Amino acid sequence: MVYVCREIFSLILIFQHFFNGESESWSRGAVNEINGGILRMITTEEAERIDGEFTNAFEMETVSCRQAAEKMYDAWQDLYSIMERENNYSDKLGSDILDWQIGNWANDVTMALHNAGLYKKCIEVNRQILKISWGNGGELFHENARRDIADEYSGSGNIQKCYQLYEEYLNADPLWGWGWIGYFRQLNDHDDTKYEQVLNELYEKVRSGVEFRDKEDLYRELGDEYNTLGNQERADFFYGLEDNEKAIRQKNMFANTVSTSETEKAIEKITHRSQNFPKEAFQVLTENEEEAKPYLRESLEKAIREKTDLDSDYQLHFYALFLLGQFQDKEAFPKITELVSLPPEVVSYLIGDAVTSGLSDILYNTYDGDLNRLKQMIADIKIDEYVRADVLDVMGQLYLDGEIPETDWKSFLLQKIHGAQGYDHIYNRIADLICRCHFVDMLPEIRYMLDHDLMDEGYLGKYDSCVDLMFDYGEEEETFCAKSMDAAECLKSWAMFADSSTKNPDMSEKDLEKMFRAMERAVNPLIRKKKIGRNDPCPCGSGKKYKFCCMNKPKEPLDEIETPEERRRWLERYPAVGDERKHGRVYLNDYYDRESIETDKILYLGLMHRPGPIWNRDEQKENRRTKEYLYLAFQRTVEMANRERVTSLAEFDKKHSIHYRCEEWIGRLLELLKDAGDQAMYKEVDNWTKTMKK
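Residues numbered from 1 in each chain as written. Predicted model: local features only at pLDDT ≥ 70, side-chain atom pairs only at ≥ 80, totals over all residues. Heavy atoms only, no water.

Trainee: I'm lost on the pattern of salt bridges in this one. Help?
Mentor: Side chains bearing opposite charge may pair, as long as their charged atoms lie close to each other. Tallying each qualifying case throughout the model produces 49 salt bridges. A salt bridge links Arg-85 to Glu-46, with the nearest nitrogen and oxygen atoms 2.8 Å apart. With Arg-85 in helix α4 (residues 65-86) and Glu-46 in helix α3 (residues 44-60), this pair connects stretches of sequence that are 39 residues apart. The exposure class assigned to Arg-85 is partly exposed, which follows from its relative accessible area of 28%. By relative accessible area, which is 10% here, Glu-46 ends up buried. We note a salt bridge from Arg-85 to Glu-86, for which the minimum N-O separation is 2.6 Å. Salt bridges sharing partners connect three or more residues here, namely Arg-185, Asp-217, Arg-220, Glu-221 and Glu-301. (Salt bridge = Lys/Arg side-chain N within 4 Å of Asp/Glu carboxyl O. Helix = DSSP H or I, 4+ residues; strand = E, 2+ residues; numbered from the N terminus. Buried < 20%, exposed > 50% of the residue type's maximum accessible area, 1.4 Å probe, protein only.)

Structure representation (structure tokens):
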């Protein structure tokens, strides 16, 4: 009987559709196929086309945030035009391909348009969302759309229209908690005098017993606002109400639910410190992600409220950071950023080494699209410098993802560099990002930071090391943040656990000696010289026998210092010149001529740091080798300068210097010549240098 009624209902709809003068849609085959008793308002072909449009738009996000938003908008309009055509404004169009995705698309489109600054289009889409009858969570869709419309007017600069809409909404629905939250946030953001007045009105209403919707969220937000204003009494009042609501919700959540009960037990197991890593608890939480999220978010709020008063044995907030990162929980991002923006000593107390071991990945995986929040954190010198460096990594990854255009990213970095007030760890990270983004045109900025003591040479090394890094490409694709996280894998080897893999027994003296010998062999491998017979082909490639070619020729100046094999070994880390190329990479010969590169190689052989055990160093031999390389480079430099009529060291540097400035290496050469007592050579170098400085 049920099936018969359903078929009859479908037939009624068909005849109603036909007699309403819409038979044209039948003839073109656009809609109205019956399958399993459900009236289809959209053809399979249309559904597949729209699904493909959204898929293409999402793929475009890795290239351009704005282009992706535009494509999402076009796909949404295509979908909405079918709703208009069929006069069916619902999320049930009779398509197995589309119906389950329409709600997600509505959220994705509005967020993408907002992040791209396309406020008018975002308002248009939200007005369309208000016309749609949503099957599940319909009221929430409409409430979010109303808030978004008001907030988009604020984003476009029309704050009065924003205020007007919120006031209209709240006059019509005075118990709408999130409506009040949106309203007082806008008042606060624009320093409106009505801000505190609205907070106080809400305080009085709550005290008088008014029951708002979304009251747990409203109480938390009001507590945060009063806490910021320094009114601790009212902040505690609202935090207390929030805790009561949480307790009620949790009690209801766990009632008669076996899987949630497992989640609760897992939460209990990771709430405090444990001797061993709680592997099973992490597995349960991973399998029950949605049930776990509220508890994890609440632990962050608890840590933010209590700060250094938090029980030192309490651990849930620490684990929560990694689990929420694994879950890619965008809703947690504001709370995570609030926690790590607390004073440095508080952050250190609450999360310790997570600041330098995982925080950038956590921030990236929970990032909710609020780029301004990232910029504000980097600019706030009250925030821990290592936290701000992690935020820089997130921005760097967003650049690699195509979310931040290259011009905007470079402009932001330049602004930070030239607005510097003194040393800060973020400048170490900025230099690292510049190099790993391969922005060769920004090498002068790295030189500027080093010259003005904004960077620590111990972080990346001196300028020559930065040049090496600029042209270096690893085997894998460059990333600054992990695209996904596994909380258990991140944490299980931490030394805080007794079963950690880092807990190794003390090494014996014999083991240490063996390790040191292995290290020495690694950094100073034996170079076996190949003996060339008199009748062997000459290694120069002439085709003649060695005895008739190079056997009796005088050695090249470079060969007098070190053999070709030794030079090749120490030039292994020298940047790729570009004789063999890979698409998308930068090479030295893209920026420097061959003669400059060959001269720079000589300087590099003389000045680069050569690793090796300190107990085997022969300082006298090293100085002699450095002196010979630098003097050879000096002779080439003089020849180049005379030929090109270069009259100053600065001019020569601008045309030819790569790793080292003339003053730096010539100064070192003069020191070595003076120490060696080479007076004639010293005078030659010194006189030429003085001439070039005039």
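Trainee: Would you mind showing me how to read the environment of Arg-625 here?
Mentor: Tracing the chain through its elements places Arg-625 in helix α32 (residues 619-644). For the pair Arg-625 and Glu-562, spaced 63 residues apart in sequence, the C-alpha separation works out to 8.3 Å. Beyond its immediate sequence surroundings of up to four residues, Arg-625 is in contact with Ile-561, Glu-562 and Arg-610. (Contact = heavy atoms within 4.5 Å.)

Trainee: Any chance you could explain the environment of Ser-274 here in plain terms?
Mentor: As for its position among the elements, Ser-274 is in the loop between α13 (258-269) and α14 (279-287). Judged by its relative accessible area of 26%, Ser-274 falls in the partly exposed class. Taking the C-alpha atoms as reference, Ser-274 lies 9.0 Å from Gln-315; in sequence the two are 41 residues apart. When sequence neighbours within four positions are dropped, the list of residues in contact with Ser-274 reads Tyr-319 and Phe-497. Only 2.8 Å separates the side chain of Ser-274 from the backbone oxygen of Asn-276, close enough to count as a polar contact. (Polar contact = N/O pair within 3.5 Å; in protein donor to acceptor, adjacent residues only side chain to side chain.)

Trainee: Please explain the nonpolar core as it appears in this structure.
Mentor: Generally speaking, nonpolar side chains in soluble globular proteins are found buried as a group. Within the largest apolar cluster, 125 residues are counted, with the highest numbers of intra-cluster contacts made by Phe-322, Ile-351, Trp-409, Ile-434, Ile-446 and Met-449. If you tally residues by element for this core, the top one is α32, at 9 residues. Of the domains in this structure, domain 2 (257-492) and domain 4 (561-693) are the two that each give at least three residues to this core. Residue contacts for Ile-446: discarding those within four places in its chain leaves Ala-431, Ile-434, Cys-435, Met-455, Tyr-463, Cys-466 and Met-470. Residues Ala-47, Trp-76, Leu-118 and Trp-134 belong to the second largest nonpolar core, which totals 34 residues. (Core = buried A, V, L, I, M, F, W, Y, C linked by side-chain atoms within 4.5 Å. Domains from an automatic or database assignment.)

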